[in-house]
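Overview (structure and organization)
Residues per chain, in single letters:
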Amino acid sequence: MQYEATGITVSYGPRRVLDQVDFTARAGEVTAIVGPNGSGKTTLLRAMSGETPHQGQVRINGADADAMTARQRALHRAVLPQSGSIAFPFNVLELVRLGLTAGLSSDDPGEADRITLAAIARVGLEGYETRMVQELSGGERQRAQMARVLVQIWQPVLDGQPRWLMLDEPVSALDIRHQLTIMHLAQDYARAGGGVIAVMHDLNLTAMFADQVNLLYDGRLRRSGRPADVLNDQDLSACYNCPVRVNTPPPDGSPWVLPQSMV
Ligand SMILES: Nc1ncnc2c1ncn2[C@@H]1O[C@H](COP(=O)(O)OP(=O)(O)O)[C@@H](O)[C@H]1O
Ligand SMILES: [Mg+2]
């Protein structure tokens, strides 16, 4: 089962910001989208999730996503936006409960509460249930939003179909411990049969957690494949316009990336 986009083209007025992008993510895997600021990562995620008008086709588990209703899409995929603010005075419990959709069994009235509390614990916010979201730190708020997204598609597989977490820089505001919490959560979701598509800023976390990496540059996919193939000196230095050295130390051989001083 796949999340598949073909020929995705998006323009804002006369400016084309995505040009014929083909993208595939497989269930069971974490698929990362990386690239410099303004390369089109958020636009690609929003086009694929159905939030931005686009040319080209998007198929979720083989079905035409553009022909789905908003409710059908909400059962298939959940989207964590890039650090948005929250306009209403919710506490953490209320915010996370907003994510609940259909798919809960009607003969178990306690299920909604159980899922909500479990998701809050999963992102490391146990004990924060009655705190107002506006009064949280940026990182705490980002994790509360992650819990909201998680409860929307709590089961990674529903009726034999994988569901899809679509995350736009999910760890951008987090300290190193909570970066790992959220990346492990994403990886576990994939290992349980769901799919994860994540826009990533941190190339080292990408190397550690992604099964596949897509490198965007100026609205086009420059390279797609395994982290060890995509995260290389030449492609990263060219796309990020900055000298980069990728190293592969033992024992696990996963690449790590260091920008070189430009002076
Ligand atoms: N709503 C919009 N209207 C006009 N231009 C936009 C809009 N959203 C994004 N852009 C432009 O499209 C390009 C890609 O943006 P984005 O997808 O957000 O990049 P990334 O997430 O890779 O940093 C950028 O040059 C940005 O300025
Ligand atoms: Mg972005």
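As the structure is a computational prediction, the values presented were derived from the model and not from experiment.

1. Remarks on the overall build of the chain
Across its full length, the chain holds nine helices and 14 strands. Scaling as 2.2 N^0.38, a compact globule of 263 residues should have a C-alpha radius of gyration of about 18 Å, and the chain matches this with 18 Å. In the chain, which comprises 263 residues, the share counted as buried stands at 40%. When contacts within the chain are restricted to residue pairs at least 6 apart in sequence, those whose partners lie at least 24 apart make up 65%.

2. Concerning the nonpolar core
Grouped together as the largest cluster of nonpolar side chains are 69 residues, with contacts concentrated most on Leu44, Ala147, Leu165, Ala186, Val196 and Ala198. Beyond its immediate sequence surroundings of up to four residues, leucine 165 is in contact with Ala78, Val149, Ile153, Ala186, Tyr189, Gly194 and Val196.

3. Remarks on the sheet that holds strand 12 (residues 220–225)
With mixed pairing, the six strands of this open sheet are ordered in space as 6-9-10-3-11-12. Each of the sheet's edge strands pairs with one partner strand only, and the pair in question is strand 6 (77–80) and strand 12. The average angle at which neighbouring strand axes cross in this sheet is 15 degrees, direction not considered. Both strand 6 and strand 9 (residues 164–168) contribute to a ladder of four bridges, which runs parallel. Note that in strand 9 the partner of leucine 80 across the bridge is leucine 167. In the packing of helix 5 (residues 138–152) onto the sheet, the strands contacted are strand 6 and strand 9, and the crossing angle to strand 6 comes to about 175 degrees.

4. A closer look at the packing of helix 4 (residues 111–122) against helix 5
Following both chains from N to C, one finds helix 4 and helix 5 inclined at 135 degrees, their axes separated by 9 Å at the closest point. As far as their axial angle goes, helix 5 and helix 4 are oblique. Crossing of helix 4 over helix 5 shows right-handed handedness. Here Ile115, Thr116, Ala119, Ile120 and Arg122 of helix 4 lie close against helix 5, whose contacting residues are Ala147, Leu150 and Val151. Along the lines of polarity and charge, the residues of the contact of helix 4 with helix 5 split into six nonpolar, one polar and one charged.

5. Considerations on the site of ligand 1
Around ligand 1, the neighbouring residues are Tyr12, Val17, Gly35, Asn37, Gly38, Ser39, Gly40, Lys41, Thr42 and Thr43. The element contributing the most residues to the shell around ligand 1 is helix 1 (residues 41–49), with three residues. Along the lines of polarity and charge, the residues of the shell around ligand 1 split into two nonpolar, seven polar and one charged.

6. Some thoughts on the sheet that holds strand 1 (residues 2–12)
Strands sit in the order 2-1-4-5 across an open sheet of four strands; the sheet is antiparallel. The sheet terminates laterally at strand 2 (15–26) and strand 5 (63–64), the two strands that pair on one side only. Bridge count for strand 1 against strand 4 (residues 55–60) is five bridges, and the pairing is antiparallel. In the strand pairing of strand 4, threonine 6 is matched with glutamine 57. Across the face of the sheet, helix 1 comes into contact with strand 1, strand 2 and strand 4 while running at roughly 65 degrees to strand 2.

7. Digging into the pairing of strand 3 (residues 30–34)
Among the five residues of strand 3, five are classified as buried, and the element is accordingly described as predominantly covered. Burial along strand 3 is two-sided: the residues Val30, Ala32 and Val34 and Thr31 and Ile33 are all buried. Where strand 3 meets strand 10 (residues 195–199), four bridges bridge the pair, whose relative direction is parallel. Directly across from valine 30, in strand 10, lies its bridge partner valine 196. Both strand 3 and strand 11 (residues 212–217) contribute to a ladder of four bridges, which runs parallel. The partner of threonine 31 across the bridge, within strand 11, is glutamine 212.

8. Thoughts on unusual backbone geometry
Unusually for a residue other than glycine, glutamine 20 sits at a positive phi of about 55 degrees. Turning to its location among the elements, glutamine 20 is positioned in strand 2. Backbone geometry places aspartate 218, a non-glycine residue, at a positive phi of 55 degrees. Along the chain, the position of aspartate 218 falls in the loop between strand 11 and strand 12.

9. Concerning helix 4
Given a rise of 1.5 Å per residue, 12 residues ought to cover 16 Å, and the 16 Å separating the end C-alpha atoms of helix 4 matches this to within 8%. For helix 4, every residue scored as buried is listed here: Ile115, Thr116, Ala119, Ile120 and Arg122. Down the axis of helix 4, the smallest arc covering the buried residues is 160 degrees, so these residues share one side. Projecting away from the buried face of helix 4 at angles above 90 degrees are the exposed residues Asp113 and Arg114. Of the surrounding elements, those touching the buried residues of helix 4 are helix 3 (92–97), helix 5 and helix 6 (176–191). Glycine 124 lies just past helix 4 and shows a positive phi near 80 degrees.

Conventions adopted
- Residues numbered from 1 in each chain as written.
- Chains lettered and ligands numbered in written order.
- Predicted model: local features only at pLDDT ≥ 70, side-chain atom pairs only at ≥ 80, totals over all residues.
- Helix = DSSP H or I, 4+ residues; strand = E, 2+ residues; numbered from the N terminus.
- Rg over C-alpha atoms; globule rule 2.2 N^0.38 Å.
- Buried ≥ 20, exposed ≤ 12 C-beta atoms within 10 Å, placed from the backbone.
- Contact = placed C-beta atoms within 7 Å.
- Core = buried A, V, L, I, M, F, W, Y, C linked by C-beta atoms within 7 Å.
- Pairing = 2+ DSSP bridges.
- Axes fitted to C-alpha atoms, helices over the stretch in contact; angles between N-to-C directions.
- Parallel < 35°, antiparallel > 145°, perpendicular 65-115°, else oblique.
- Left-handed = near helix turned anticlockwise from the far one by under 90°.
- Nonpolar A, V, L, I, M, F, W, Y, C, P; charged D, E, K, R; others polar.
- Near = placed C-beta within 6 Å.
- Expected span 1.5 Å × (residues − 1).
- Arc of directions from axis to C-beta.

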